[in-house]
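So the chains spell out like this:
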Amino acid sequence: MKLITAIIRPTSLQAVQVALVRHGVSGMTVSECAGYGRQQGHREVYRGSEMRVDFLAKARIEIAVPDEDLDTALDVLLGAASTGEVGDGKVWVTDIVQALRIRTRESGTEAL
């Protein structure tokens, strides 16, 4: 099992969710977060004063998938989240050693 963690633009979140559900991903966790990468923030004008915004709003998605579904899930996620512009985000894939469903005590891929 793998855990896909993606930091994406909040404006891409709905498209990513719809695409993943359409391709069989049964659940995800979404958190609001802020950060920056290569774009290093930006400048905004507020009430006539220019201000530097260092941390940009982002959405963090976590998806657990069986090993055999990893490549498909990544392709779908990347396709839905990509705008081709700086700031589209990053994706990490890590191993899941064990997964348990609390209600039924199922384990492994059955818990996903």
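Residues numbered from 1 in each chain as written. Predicted model: local features only at pLDDT ≥ 70, side-chain atom pairs only at ≥ 80, totals over all residues. Heavy atoms only, no water.

> What exactly am I supposed to notice about the sheet that holds strand β2 (residues 29–35) here?
Across a sheet, paired strands are connected by hydrogen bonds in the backbone, their directions being either parallel or antiparallel. One open sheet holds the 4 strands; their spatial order is β2-β5-β1-β6, and the pairing between them is antiparallel. On the outer flanks of this sheet lie β2 and β6 (89–95), each paired with one strand and no other. Pairwise comparison of adjacent strand axes, ignoring direction, gives a mean angle of 20° for this sheet. Direction of pairing for strand β1 (residues 2–8) relative to β6: antiparallel, over a ladder of 7 bridges. Across the sheet, residue Ile8 finds its bridge partner in β6, namely Gly89. Those strands touched by helix α1 (residues 13–22) are β1, β2 and β5 (56–65), and its axis lies near 10° from that of β5. (Pairing = 2+ DSSP bridges. Helix = DSSP H or I, 4+ residues; strand = E, 2+ residues; numbered from the N terminus. Axes fitted to C-alpha atoms, helices over the stretch in contact; angles between N-to-C directions. Contact = heavy atoms within 4.5 Å.)

> Quick question: what am I supposed to make of the nonpolar core here?
General note: in soluble globular proteins, nonpolar side chains tend to be found buried as a group. Among the nonpolar cores identified, the biggest contains 17 residues, and Ile4, Ile8, Val16, Leu20, Ile63 and Leu77 are the most heavily contacted of them. Secondary-structure elements contributing two or more residues to this core are β1, α1, β5 and α2 (70–81). The element that contributes the greatest number of residues to this core is α2, accounting for 6 residues. The contacts of Ile4, once residues within four sequence positions are left out, are Ile61, Glu62, Ile63, Val65, Leu70, Ala73, Leu74, Leu77, Val91, Trp92 and Val93. (Core = buried A, V, L, I, M, F, W, Y, C linked by side-chain atoms within 4.5 Å. Buried < 20%, exposed > 50% of the residue type's maximum accessible area, 1.4 Å probe, protein only.)

> Explain the pairing of β1 to me, please; I cannot follow it from the model alone.
Put simply, side chains in a regular strand alternate between the two faces of the sheet. Here β1 lies mainly inside the structure; 6 of its 7 residues are buried. Across 7 bridges, β1 lies against β5 in antiparallel orientation. Note that in β5 the partner of Lys2 across the bridge is Val65.

> I keep staring at a nonpolar patch on the surface and nothing clicks. Help me out?
A grouping of Leu78, Val91 and Val93 is seen on the molecular surface, where their side chains present a nonpolar patch of about 210 Å² in accessible area. Along the chain, Leu78 falls in helix α2. (Patch = residues over 30% accessible without salt bridge, like charges linked within 9 Å, V, L, I, M, F, W, Y side chains within 5 Å. Areas by Shrake-Rupley, 256 points an atom, 1.4 Å probe, with all protein chains shown as cover. Salt bridge = Lys/Arg side-chain N within 4 Å of Asp/Glu carboxyl O.)

> How should the environment of Leu13 be read in this particular structure?
Along the chain, Leu13 turns up in helix α1. When the C-alpha atoms of Leu13 and Ala81 are compared, they prove to be 7.5 Å apart, with 68 residues separating the residues in sequence. With near-sequence residues (within four places) excluded, Leu13 lies in contact with Ile8, Val30, Ala59 and Ile61.

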